[in-house]
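# Overview (structure and organization)
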Amino acid sequence: MLPSGKTRYMVLLDIPFQPDASACWRISVPGEGVRVFAERHAALRFAMDLAKKQDETVGHVTYISLEGADGRWRLFDANFRTVD
């Protein structure tokens, strides 16, 4: 239960399969700007940690949208369980 007057938001963190033109992965964090990572694994670890933190402390529902090698995007929750 959120404190009175608090709003619960849904946050989506996108991680593509391929890096961008500068060979990096970028994650846009609402209210904080863009975080840049040299490795996809580091971007994923950051997204998972942030999702758990936001779910527990801020009360936002945070999902990770991850692109697979097949080009399909899949949605995961803060515990890295698939969301149907």
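Residues numbered from 1 in each chain as written. Predicted model: local features only at pLDDT ≥ 70, side-chain atom pairs only at ≥ 80, totals over all residues. Heavy atoms only, no water.

### Some details on the side chain of aspartate 77
- Relative to the helices and strands, aspartate 77 is located in the segment after β5 (73-76).
- Classification of aspartate 77 by relative accessible area gives buried; the value is 14%.
- Engagement of the side chain of aspartate 77 in a polar contact is seen with the backbone nitrogen of asparagine 79, the distance being 2.9 Å. (Helix = DSSP H or I, 4+ residues; strand = E, 2+ residues; numbered from the N terminus. Buried < 20%, exposed > 50% of the residue type's maximum accessible area, 1.4 Å probe, protein only. Polar contact = N/O pair within 3.5 Å; in protein donor to acceptor, adjacent residues only side chain to side chain.)

### Quick notes on helix α1 (residues 40-58)
- When the terminal C-alpha atoms of α1 are compared, their 25 Å separation across 19 residues agrees well with the 27 Å that a helix rising 1.5 Å per residue should span.
- For α1, the full list of buried residues reads Ala43, Leu44, Phe46, Ala47, Met48, Leu50, Ala51 and Gln54.
- Each element contacted by the buried residues of α1 is listed here: β1 (10-15), β2 (25-29), β3 (33-37) and β4 (61-67).
- At the exit of α1 stands glycine 59, carrying a positive phi of roughly 90 degrees. (Expected span 1.5 Å × (residues − 1). Contact = heavy atoms within 4.5 Å.)

### Considerations on the packing of aromatic side chains
- Tallied over the full model, the rule gives two aromatic pairs.
- Consider the rings of phenylalanine 37 and phenylalanine 46, whose centres lie 5.2 Å apart with planes at 40 degrees: the pair is tilted.
- Accessibility expressed as a relative area gives 18% for phenylalanine 46, which makes it buried.
- Taking 4.3 Å as the distance between ring centres and 10 degrees as the angle between the ring planes, the aromatic pair formed by phenylalanine 76 and phenylalanine 80 counts as stacked.
- Residue phenylalanine 80 is classed as partly exposed on the basis of its relative accessible area, which comes to 29%. (Phe/Tyr/Trp six-rings, centres within 6.5 Å; stacked < 30°, edge-to-face > 60°.)

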